[in-house]
Amino acid sequence: MKKIGLALGSGAARGLSQIGILLWLKENGIEVSCVSGTSIGSIIAAAIAYGYTPEYLRDLVLGIKWIDTLRYLRPSLKGRSFLEWRKIDEFMREMFGEKTIEELKIPYACVATDIDTGNEYVFRAGRVTEGLRASACIPAIFPAVEMNGIHLVDGALVNPVPINLAFELGAEAVIGVNVNLSIFTERMTFGEDVPASRADRVEGRLKKLIDRNPLVTRGLIDTRRLEEKYEQHRRKRNIMDVVTDTAAITASKILSLELLDVAGPLFLLRPDVGGYQDFDFDMAEDIVNHGYREAEESREKLLEFCR
């Protein structure tokens, strides 16, 4: 069997679908020889390189409740960003301690962006948590990381799915994951499998109830007002959406260029998670399942690719 590398991409909560892919790979006996990652992908990749199992990661994220997002995603009062990184950093230190990249069980590297020059900055050595803080630093959402006289932010701006980096780590073939493919067509619409905000989800369920049971619900619910409000909500974007969607657009354009110059055999998986918001971590179960399903639907081709 080939030496298989993983290139895990950016996408915030959508990136949790990559855990589902890891579960599928393990179930099917596909061993990962090295991992590279960007943003949320850098965290998941580091966890695998550290020795955490896909099952452990699945159970960890399935325990996330909406109140947890409030605890970890605290507003910043310093004017440098919308949110603080401090609580997330504490969580990262609990997971990785003082472990360095050189001490991980398999080769690992992650990508950040040097906003002073616009260049890619690759972490191949040093403390794991330092690399993660920079690689997952969504611009404006979290404060830029100052390190060795430079300022680093999310690697998605320059290398959203670090495929060639996985080849540099020694892979003979790479499985890459792009979780942002369908974000633009699905983000602000309501389909059967597309999540909305929590408030909108409730209204969505009511609308479906009305559609299925018009006689039962007639007169009990002001359907005209509900439908007007439903339509009004479905295309709203808050300031966080604007910032994160802008980053996702940039990432998608860069990835399309990166795919023109791949260093070796590549199998690119595209979980259908575009409708999830960046901070929908409390919907982890659905998102992880999307990743598993994407790998399962590609079963025969993926197994053949890995032989």
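Below is a summary of the structure that appears in this document. On a predicted model such as this, the values are computed, not experimentally measured, just so you know.

## Brief notes about the environment of arginine 86
Within the secondary structure layout, arginine 86 lies in helix H5 (residues 86-96). The spatial distance from the C-alpha of arginine 86 to the C-alpha of arginine 133 is 10.0 Å, given a sequence separation of 47 residues.

## A closer look at the packing of aromatic side chains
On inspection of all chains with the given rule, the structure shows seven aromatic pairs. Here tyrosine 50 and phenylalanine 96 contribute two aromatic rings whose centre-to-centre distance is 5.6 Å and whose plane-to-plane angle is 85°, an arrangement assigned as edge-to-face. Here phenylalanine 96 lies in helix H5 and tyrosine 50 lies in helix H2 (residues 40-50), a separation of 46 residues in the sequence. The class of phenylalanine 96 is buried, set by a relative accessible area of 2%. Between tyrosine 52 and phenylalanine 96, the aromatic rings sit 6.4 Å apart at their centres with planes inclined by 80°, giving edge-to-face as the arrangement. Taken together, the residues tyrosine 52 in the loop between H2 and helix H3 (54-62) and phenylalanine 96 in helix H5 connect sequence positions 44 residues apart. Overall, tyrosine 52 belongs to the buried group, its relative accessible area being 17%. Members of the aromatic cluster, each reached through a chain of ring pairs, are Tyr50, Tyr52, Tyr56 and Phe96. The ring of phenylalanine 305 carries the charged tip of lysine 2 above its face, separated from the ring centre by 4.9 Å.

## Overview of the pattern of salt bridges
For the coordinates displayed, the defined rule picks out 13 salt bridges. Between aspartate 89 and arginine 93 there is a salt bridge, and its shortest N-O distance comes to 2.9 Å. Taken as a pair, aspartate 89 and arginine 93 lie in helix H5 at a separation of four residues, close to a single helical turn. Note on arginine 93: relative accessible area 33%, which makes it partly exposed. Look at the salt bridges and you will find they share partners, linking Asp89, Arg93, Glu98, Arg127 and Glu130 into a network.

## Focus on unusual backbone geometry
A positive phi is found at serine 39, a non-glycine position, where the angle reads about 60°. Along the chain, the position of serine 39 falls in the loop between strand E2 (32-38) and H2. With relative accessibility at 5%, the residue serine 39 sits in the buried group. Of note in this structure, alanine 140 is not a glycine but carries a positive phi near 75°. Assignment of secondary structure puts alanine 140 in the loop between helix H6 (128-135) and strand E5 (145-147).

## Regarding the packing of helix H1 (residues 17-27) against helix H13 (residues 284-297)
Where H1 contacts H13, the two axes come as close as 6 Å, and the packing angle between them is 45°. In terms of orientation, H1 and H13 fall into the oblique class. Like other packed secondary-structure pairs, H1 and H13 cross with a definite hand, here right-handed. For the pair formed by H1 and H13, the contact residues are Ser17, Ile19, Gly20, Ile21, Leu23, Trp24 and Glu27 on the first element and Ile287, Val288, Gly291, Tyr292, Ala295 and Glu296 on the second.

## Let's talk about H5
If you check which residues of H5 are buried, you get Lys87, Ile88, Asp89, Met92, Met95 and Phe96. Two residues or fewer past H5, glycine 97 is found with a positive phi of approximately 55°.

## Topic: H2
The element H2 is largely enclosed, with a buried count of 10 among its 11 residues. Of all the residues in H2, the buried ones are Ile40, Gly41, Ser42, Ile43, Ile44, Ala45, Ala46, Ala47, Ile48 and Ala49. Count one or two residues on from H2 and you reach glycine 51, which has phi positive near 125°.

## Considerations on the nonpolar core
Of all hydrophobic cores here, the largest spans 71 residues; its most connected members are Leu25, Phe96, Tyr108, Phe142, Ile175 and Leu302. Ranked by residue count, the leading element in this core is H2, at eight residues. Here tyrosine 108 is in contact with Val35, Ser42, Ala45, Ala46, Ala49, Ile101, Phe123, Leu132 and Leu169, once residues within four sequence places are set aside. Ranked by size, the runner-up nonpolar core spans 13 residues in total, among them Val111, Ala166, Val174 and Leu255.

## Regarding the pairing of E2
For E2, the tally of buried residues reaches six of seven residues, placing the bulk of the element in the interior. Of the strand pairs in this sheet, strand E1 (residues 4-8) and E2 are connected by five bridges, and their pairing is parallel. Its bridge partner lying in E2, isoleucine 4 is registered against valine 32. Read as a crossover between parallel neighbours, the route from E1 over H1 to E2 is right-handed. In the sheet, E2 pairs with strand E3 (residues 108-114) via four bridges, with the strands oriented parallel. Of the residues in E3, the one forming a bridge with serine 36 is alanine 109.

Basis of the calculations
Residues numbered from 1 in each chain as written. Predicted model: local features only at pLDDT ≥ 70, side-chain atom pairs only at ≥ 80, totals over all residues. Heavy atoms only, no water. Helix = DSSP H or I, 4+ residues; strand = E, 2+ residues; numbered from the N terminus. Phe/Tyr/Trp six-rings, centres within 6.5 Å; stacked < 30°, edge-to-face > 60°. Buried < 20%, exposed > 50% of the residue type's maximum accessible area, 1.4 Å probe, protein only. Lys NZ or Arg CZ within 6 Å of the ring centre and 35° of its normal. Salt bridge = Lys/Arg side-chain N within 4 Å of Asp/Glu carboxyl O. Axes fitted to C-alpha atoms, helices over the stretch in contact; angles between N-to-C directions. Parallel < 35°, antiparallel > 145°, perpendicular 65-115°, else oblique. Left-handed = near helix turned anticlockwise from the far one by under 90°. Contact = heavy atoms within 4.5 Å. Core = buried A, V, L, I, M, F, W, Y, C linked by side-chain atoms within 4.5 Å. Pairing = 2+ DSSP bridges. Right-handed = clockwise from strand over helix to strand, strands pointing away.

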